[in-house]
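Okay, here's what each chain looks like letter by letter:
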2 protein chains.
Amino acid sequence: MLSVACLSGGMDSAVLTAIAAVEGVPDLPAALHVNYGQRTEARELRAFHQICDRFGITRRLVTDLSFFRAIGGSSLTDHNLVVPEGPTKDSAIPSTYVPFRNGVILSLAAAWAESIGARRLYIGAVQTDRTGYPDCRREFLKSMETSINLGTRADTSLELRAPLVAMTKADIVRRGVELNVPFELTWSCYSHEDVACGKCESCRLRLEAFAEAGFPDPIPYRNR
Amino acid sequence: MLSVACLSGGMDSAVLTAIAAVEGVPDLPAALHVNYGQRTEARELRAFHQICDRFGITRRLVTDLSFFRAIGGSSLTDHNLVVPEGPTKDSAIPSTYVPFRNGVILSLAAAWAESIGARRLYIGAVQTDRTGYPDCRREFLKSMETSINLGTRADTSLELRAPLVAMTKADIVRRGVELNVPFELTWSCYSHEDVACGKCESCRLRLEAFAEAGFPDPIPYRNR
């Protein structure tokens, strides 16, 4: 069954894409990558293509959305802000939050899915990240699925799947290992493109996840 | 009260922006224009800026979304397809439908609104157009409002207003005349940028609306 998978190039979306591939047999998912002006976009894009190559995904769409840099307000897209190191307080929304990013990405994915006749959308939102991003919550995803089906053709029926939403990061690593996800090709660091910093929230969560799952993280880190 | 108005540059969105201005006093709306690769974009963008100038709107955001041209499938964005002339059958979705366009535009508007602290979103969707676009229906807009509020910060509260949704095109003209909307600056034609064709669905609905409202349409037409 044809699907669209949102693939940033990070570890979560790589595992997500592997799940979409397994669930869609014999069809490979179509892969959507959104460049929203994040600091590490060039590195993420390389990861996107390398992961697609590994999975044999040929249907790829890379879209530039300078919009998010234009509106600013996030340390991921505003280079005048600093990407924080160390943990964010529970329940606080960190400065890396990009306003309604998953809403925009899902809208684009839905539009593409409708135009190619896909039946499922996959997004790697993780509610259990302690990051507090509102657009990663299950209630939001459920509502967005409804909105997408109301706002597309009557004969378009799209199921929104977020198989990672209730998983811990360690569970995601374990599932990825089971599915032979090429973690060495993924990129998670928010602040650097050459060697991962090991300090930003994204690196920190990733390192904790591999440690907890009991597998070595195959990528090198600057500060370790 | 600060709002974000989606302003394409057509007659509906110009009336919408006037309504947003009246309802937001003393704040003028911020105006969002999305270039989605439609044929007449350059002309629409000129209309956008001229309408903003007339209303005194300084907070403007123009965003390029080449995405819609990349996914294709609509005669508005795919120059290999022909923009149809004459009426579309009732309840059919015409070839000018752009997949989930209003979903994408509203997601962008919501992201911008959250980042600037706006409290309302205005979109000029018209359900009574006989065009059958699913993303102009009230049920969709209501659901999207819920999705937007679930997917943004807890202290972000956005009301989605679509004041034209139940109006006829003639009602929209009448309301625009009351509000001194500069219809001479607006652009509706789907197929031409110099002189409006008078034949495409958008020109046809506009001409009928002015005729029914009993006001002259101030722009010239090619085929009249």
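Residues numbered from 1 in each chain as written. Chains lettered and ligands numbered in written order. Predicted model: local features only at pLDDT ≥ 70, side-chain atom pairs only at ≥ 80, totals over all residues.

Draft legend 1. Focus on the overall build of chain A. A tally of regular secondary structure across chain A gives 7 helices and 5 strands. Secondary structure of chain A in N-to-C order comes out as β-α-β-α-β-α-α-β-α-β-α-α. Taking the principal axes of the C-alpha coordinates as reference, chain A spans close to 50 × 40 × 30 Å. Scored against the burial criterion, the 224 residues of chain A give a buried share of 51%. Considering only residue pairs separated by 6 or more positions, chain A has 72% of its internal contacts joining residues 24 or more positions apart. (Helix = DSSP H or I, 4+ residues; strand = E, 2+ residues; numbered from the N terminus. Buried ≥ 20, exposed ≤ 12 C-beta atoms within 10 Å, placed from the backbone. Contact = placed C-beta atoms within 7 Å.)

Draft legend 2. Fine view of the relation of the copies chain B and chain A. In the superposition of chain B on chain A (RMSD 0.0 Å, axial shift 0.0 Å), the rotation amounts to 180 degrees. The operation mapping one copy onto its partner corresponds to a two-fold rotation axis. Most of the interface of chain B is mirrored in chain A, where 100% of its interface residues again form contacts. (Least-squares fit on C-alpha atoms with pLDDT ≥ 70 in both.)

Draft legend 3. Region of the structure containing the sheet that holds strand β3 (residues 60-64) of chain B. All names here are of chain B. The 5 strands lie next to each other as β3-β2-β1-β4-β5, forming an open sheet whose pairing is parallel. If you trace the sheet from one side to the other, it starts and ends with β3 and β5 (159-161), each paired once. Averaged over all pairs of adjacent strands, the angle between strand axes in this sheet comes to 20 degrees, irrespective of strand direction. Note: strand β1 (residues 3-6) against strand β4 (residues 120-122), 3 bridges, orientation parallel. The residue of β4 that forms the bridge with S3 is R120. The strands touched by helix α2 (residues 41-55) are β2 (30-35) and β3; relative to β2, the strand with the most contacts, the crossing angle is about 175 degrees. (Pairing = 2+ DSSP bridges. Axes fitted to C-alpha atoms, helices over the stretch in contact; angles between N-to-C directions.)

Draft legend 4. A look at the interface of chain B and chain A. Taken residue by residue, the interface counts 36 residues in chain B and 36 residues in chain A. Put simply, the parts of the chain that give the side of chain B that touches chain A at least two residues each are β3, α3 (67-71), α4 (101-116) and α5 (138-150) of chain B. The element contributing the most residues to the side of chain B that touches chain A is α4 of chain B, with 10 residues. In terms of residue class, the side of chain B that touches chain A is built from 17 nonpolar, 13 polar and 6 charged. (Nonpolar A, V, L, I, M, F, W, Y, C, P; charged D, E, K, R; others polar.)

Draft legend 5. Here's a closer look at the sheet that holds strand β4 (residues 120-122) of chain A. Residues and elements named next belong to chain A. Strand order across the open sheet formed by 5 strands is β3-β2-β1-β4-β5, with parallel pairing between neighbours. Whereas interior strands pair on both sides, the edge strands pair on one side only; in this sheet they are β3 (60-64) and β5 (159-161). Strand-to-strand, the axes of this sheet are offset by a mean angle of 20 degrees, without reference to chain direction.

Draft legend 6. Quick peek at the environment of L2 of chain A. Residues and elements named next belong to chain A. Along the polypeptide, L2 turns up in the segment before β1 (3-6). For the pair L2 and V83, spaced 81 residues apart in the sequence, the C-alpha separation amounts to 37 Å. Not counting the four nearest positions on each side in its chain, L2 is found in contact with G24, D27, A30, I116, G117, A118 and R119.

Draft legend 7. Layout of the pairing of β2 of chain B. Residue and element names in this part refer to chain B. Buried residues dominate β2, accounting for 5 of its 6 residues. As judged from the 3 bridges shared by β1 and β2, these two strands associate in the parallel manner. Residue pairing in the sheet places C6 in a bridge with L32 of β2. A crossover links β1 with its parallel partner β2, the connecting element being helix α1 (residues 11-23), and its sense is right-handed. Alignment of β2 against β3, held across 5 bridges, turns out to be parallel. Considered in β3, the bridge of V34 is made with T63. In this fold, the crossover linking β2 to β3 by way of α2 has right-handed handedness. (Right-handed = clockwise from strand over helix to strand, strands pointing away.)

Draft legend 8. Spatial organisation of the environment of S107 of chain B. Relative to the helices and strands, S107 of chain B resides in helix α4. Each C-alpha atom, one on S107 of chain B and one on E145 of chain B, is 9.8 Å from the other, the two residues being 38 residues apart in sequence. Setting aside residues up to four positions removed in sequence, S107 of chain B forms contacts with F100, G103, V104 and S107 of chain A.

Draft legend 9. Geometry of the packing of helix α5 (residues 138-150) of chain A against α5 of chain B. Packing of α5 of chain A against α5 of chain B brings their axes to within 8 Å, and their N-to-C directions diverge by 160 degrees. The angle between α5 of chain A and α5 of chain B falls in the class roughly antiparallel. When you trace α5 of chain A past α5 of chain B, the crossing you get is left-handed. Taking contact as the criterion, the partners of E139, F140, S143, M144, T146, S147 and L150 of chain A in α5 of chain A are, on α5 of chain B, E139, F140, S143, M144, T146, S147 and L150 of chain B. Looking at the contact of α5 of chain A with α5 of chain B, its residues break down into 6 nonpolar, 6 polar and 2 charged. (Parallel < 35°, antiparallel > 145°, perpendicular 65-115°, else oblique. Left-handed = near helix turned anticlockwise from the far one by under 90°.)

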